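Tertiary structure, described
The chain contents come next:
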Amino acid sequence: KAAEAGEKTLTITTIPDQLGAEVFAELAKFPNLCLVLDYQTYTLSMKGADVTNPSAVLTARLVEKESSLDEMQVKLYGKHQMLGFENAGPLPGKVTVVYRLPDSMKSVTSLYLYSEEAMGEPVETVLKDGYAMFTLEKSGNYLLAENEVSSEITESVDKGAGDRTD
């Protein structure tokens with residue numbers, strides 16, 4: 001109804017545990033309509049044009065996790081926050097996340113988002129007014145960090161850690 005009324009954005013603040021496939025099948029019909037799920041400390045949004053799997057359901061949550069980095073990794077990545085982007089099954093499409101930074105990270109001047117699967121290849125991240133914005137295409141664990149670290153460096157750190165005999 002929002003798209004038919006000429007609206008460009010539909011924001012939901014009381015979010016059900018699951019958004020069914022019918023929501024994304026309908027959203028896909030309106031490429032310029034943006035569905036925004038407002039969780040207060042973060043938002044998830046998806047445009048109709050971003051829906052690639054309209055039969056999927058969305059149960060996504062962004063969860064702050066305890067850091068699992070060792071001392072050397074903390075020196076490399078700097079200030080950081082571990083995040084879990086959880087969803088039961090594949091996502092209906094690309095999801096844009098706007099995440100309110102914790103106080104410990106509000107002074108950073110740049111941010112990089114790394115998937116746990118590809119620590120040397122950051123996801124493009126926009127930093128503005130205490131918020132980080134990035135787009136995800138799959139669920140998983142991520143590291144939001146102040147320093148950019150190349151894959152060559154992460155590979156040598158991992159190799160060096162494996163060579164230790166202490």
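Here is a short report on the structure shown in this document. (Residues numbered from 1 in each chain as written. Predicted model: local features only at pLDDT ≥ 70, side-chain atom pairs only at ≥ 80, totals over all residues. Heavy atoms only, no water.)

**Re the sheet that holds strand S2 (residues 34–38)**
One open sheet accounts for six strands, arranged S1-S2-S3-S6-S10-S9; its pairing is mixed. Of all strands in the sheet, those with a lone pairing partner are strand S1 (9–12) and strand S9 (125–128), marking the two edges. The mean angle between the axes of side-by-side strands here comes to 20°, regardless of whether they run parallel or antiparallel. Note that S1 and S2 share four bridges and pair parallel. The residue bridging Thr9 from the neighbouring strand is Cys34, located in S2. (Pairing = 2+ DSSP bridges. Helix = DSSP H or I, 4+ residues; strand = E, 2+ residues; numbered from the N terminus. Axes fitted to C-alpha atoms, helices over the stretch in contact; angles between N-to-C directions.)

**Some remarks on the pattern of salt bridges**
On inspection of all chains with the given rule, the structure shows five salt bridges. Residue Arg61 pairs with Asp17 through a salt bridge whose shortest N-O separation is 3.8 Å. Here Arg61 is found in strand S4 (residues 61–65), whereas its partner Asp17 is found in the loop between S1 and helix H1 (21–27), with 44 residues between them in sequence. Among the salt bridges present, the one from Glu71 reaches Lys75, with a minimum N-O distance of 4.0 Å. Of this pair, Glu71 and Lys75 both sit in helix H2 (residues 71–77), separated by four residues, roughly a single helical turn. (Salt bridge = Lys/Arg side-chain N within 4 Å of Asp/Glu carboxyl O.)

**Topic: the packing of aromatic side chains**
Under the definition given, this model contains two aromatic pairs. An angle of 15° between the planes, with centres 4.6 Å apart, marks the rings of Tyr39 and Tyr42 as stacked. As far as the burial class goes, Tyr39 and Tyr42 line up, both buried. Ring centres 5.2 Å apart and planes at 75° place the aromatic pair Tyr77 and Tyr114 in the edge-to-face group. In this pair, Tyr77 is assigned in helix H2 and Tyr114 in strand S7 (residues 112–115), connecting sequence segments 37 residues apart. Judged by its relative accessible area of 0%, Tyr114 is buried. (Phe/Tyr/Trp six-rings, centres within 6.5 Å; stacked < 30°, edge-to-face > 60°. Buried < 20%, exposed > 50% of the residue type's maximum accessible area, 1.4 Å probe, protein only.)

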